Amino acid sequence: MAEASTLKSGGIIILDFGSQTAQLIARRVRELGAYAPLLPFSTTRKQADAAVPGFRGVILSGGPASVYEADAPTLPDWVLEADVPVLGICYGMQLLTQALGGQVAQATHREYGMATVEITGTGNLFAGLDAAQTVWMSHGDRIERPPDGFQVLARTDNAPFAAIGQPARGWFGVQFHPEVTHTAHGPAMLRNFALNTCGAQTGWTPANLIHASIDAIREQVGTGRVLLGMSGGVDSSVAGELIHRAVGEQLVPVFVNHGMLRQGEADQVVTLGRQLGWANMVAVDTTEEFLDRLADITDPEEKRIIIGATFAEVFEREAGKQGQLDWLAQGTIYPDVIESAGTGRPGAKRIKSHHNVGGLPDHLKPRLVEPLRDLFKDEVRAVGTALGLPDEIVWRQPFPGPGLGVRCIGAITWERLETLRAADHIFTRELGEAGLLREGTAQAFAILLPVRSVGVMGDNRTYDEVIVLRAVTTSDFMTADWARLPEDLLARVSSRIVNEVPGVNRVMYDISTKPPATIEWE
């Protein structure tokens, strides 16, 4: 059995300077089997040693600041004193350059999107790669003069120092983002750094994660009873099964039907709990309570906060009915935290609050059990498979905690939710029958807009709402591309929705990528 200390020893420290893809760096390193926590840039050497005993290297993330600004995040002194390899990415590269006496300035032309870099240095980061590499740029500043002793390893027309390094010390900087999928050979670059240059230990596997998580849950919970907010999605299911294996019947799963679930989902969740053998599972229907509180609320941040706060109240109320309950468990995962700029990310910009990150009252936060908080969606699925959970659970379509509340844009009413439910069911059913619900898409759903358009049905004029279809492909949910669905399938879905769902006369397909859009609309 892998102990938590073994799982974490000899890994890579990642210092977070606020980049929206910072946790994706951790994901890429962990794909290599090395432990890589994301720590605030204010982390001390003592805290770094405690987080990763015997850490083998440090990666500095990107961030929204400019290094020459008065209040910009700074590089901790211990990073350069630790005598380990260092890789700076984007802002991290600029910070490393500044700290070592180089010069950073605003670029004449901001570089955002795909670029081709010419590799001018050999070995190290780019070992085994071709001389031209497609990468993803996202920066307004650039290196004007590298530090003394640094070699130029890659360049573009706009960024003459797209990658620099001092190979003898293992210090490197790249202006682009190797962590995103748009950088074609980014994983190979990170492998070259983490494994070849740093010599990181590899023990970060689903089996080891399960053992370490169960041990950590037992240590945290002790003899206390745990209230789990059960949604039936892969996140809460995997979290619940980990907790159940750790503490057995100390787990009390509570499924709250807030009225914003997909078609037939409430019955499916109850059946799921029975399949998993969770003897203490409780199901409550609080549809009216949620909809009353959300009446006339159209702002998405308000929706999420209200839904999160109401969830917490319901859990506390149910706890009172179930006897002494000491802990609140949630299926919070990494993307929830990063997009909420959660606790411990002082340099981050908040994109949107998540109900299980931003909506909890302060007195509940110290009593949280969140075994998946450090995992990305594909890691959660790998753990679920290793736990022996059935595919219909592990590969279930992702669903936000606020449910259809953040897919029903504008005011939430029961009638609008029913319209959205019906359209969503048609879309996902057609995808499933075409074999595209798992293999062809990572997430697919419908959105109802508070927009009416003129239509004609028969000889009559209609003035009804608009449904938007959204389907994306992604491996990590931090970046995503729109799914190229067959035209005949989209035509069939559109025809069915307009003909079978009252109150809709127009269907659109969202072809936005993430970034700049998010996967969800709210």
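An account of the accompanying structure is given in this report.

Mapped onto the elements of the fold, Val394 is located in helix H15 (residues 391-394). Not counting chain neighbours up to four residues away, the residues in contact with Val394 comprise Val234, Arg381, Gly384, Thr385 and Leu389.

We now examine the side chain of Thr332. Its place among the elements puts Thr332 in the loop between strand S13 (327-329) and helix H12 (334-339). Classification of Thr332 by relative accessible area gives buried; the value is 0%.

Sheet architecture is open: five strands sit in the order S12-S11-S10-S13-S14, paired in parallel fashion. The sheet is open, and its two borders are formed by strand S12 (282-285) and strand S14 (368-369), each paired with just one other strand. Most of the contacts of helix H9 (residues 265-275) go to strand S11 (residues 251-257), to which it runs at about 170 degrees, and overall it touches strand S10 (226-230), S11 and S12. The strands touched by helix H11 (residues 300-321) are S10, S11, S12 and S13; relative to S11, the strand with the most contacts, the crossing angle is about 130 degrees.

Time to look at the packing of aromatic side chains. Under the defined criterion, the tally for this structure stands at six aromatic pairs. Between Phe55 and Trp78, the ring centres sit 5.9 Å apart and the planes meet at 70 degrees, which makes this aromatic pair edge-to-face. Of this pair, Phe55 sits in the loop between helix H3 (45-51) and strand S3 (57-60) while Trp78 sits in helix H4 (residues 77-81); the two residues are 23 residues apart in sequence, bridging distant segments of the chain. Summarising the burial analysis for this pair, Phe55 and Trp78 share the class buried. Both rings, one in Phe290 and one in Phe311, keep their centres 5.3 Å apart while their planes meet at 65 degrees; by these two values the pair is edge-to-face. Placement of the pair is Phe290 in helix H10 (residues 287-294) and Phe311 in helix H11, with a sequence separation of 21 residues. Using a relative accessible area of 10% as the deciding quantity, one classes Phe311 as buried. Here the basic side chain of Arg367 rests over the ring of Trp327, its NZ or CZ set 4.0 Å away from the ring centre.

Calculation rules
- Residues numbered from 1 in each chain as written.
- Predicted model: local features only at pLDDT ≥ 70, side-chain atom pairs only at ≥ 80, totals over all residues.
- Heavy atoms only, no water.
- Helix = DSSP H or I, 4+ residues; strand = E, 2+ residues; numbered from the N terminus.
- Contact = heavy atoms within 4.5 Å.
- Buried < 20%, exposed > 50% of the residue type's maximum accessible area, 1.4 Å probe, protein only.
- Pairing = 2+ DSSP bridges.
- Axes fitted to C-alpha atoms, helices over the stretch in contact; angles between N-to-C directions.
- Phe/Tyr/Trp six-rings, centres within 6.5 Å; stacked < 30°, edge-to-face > 60°.
- Lys NZ or Arg CZ within 6 Å of the ring centre and 35° of its normal.

None of the figures reported here should be taken as evidence of function without further support.
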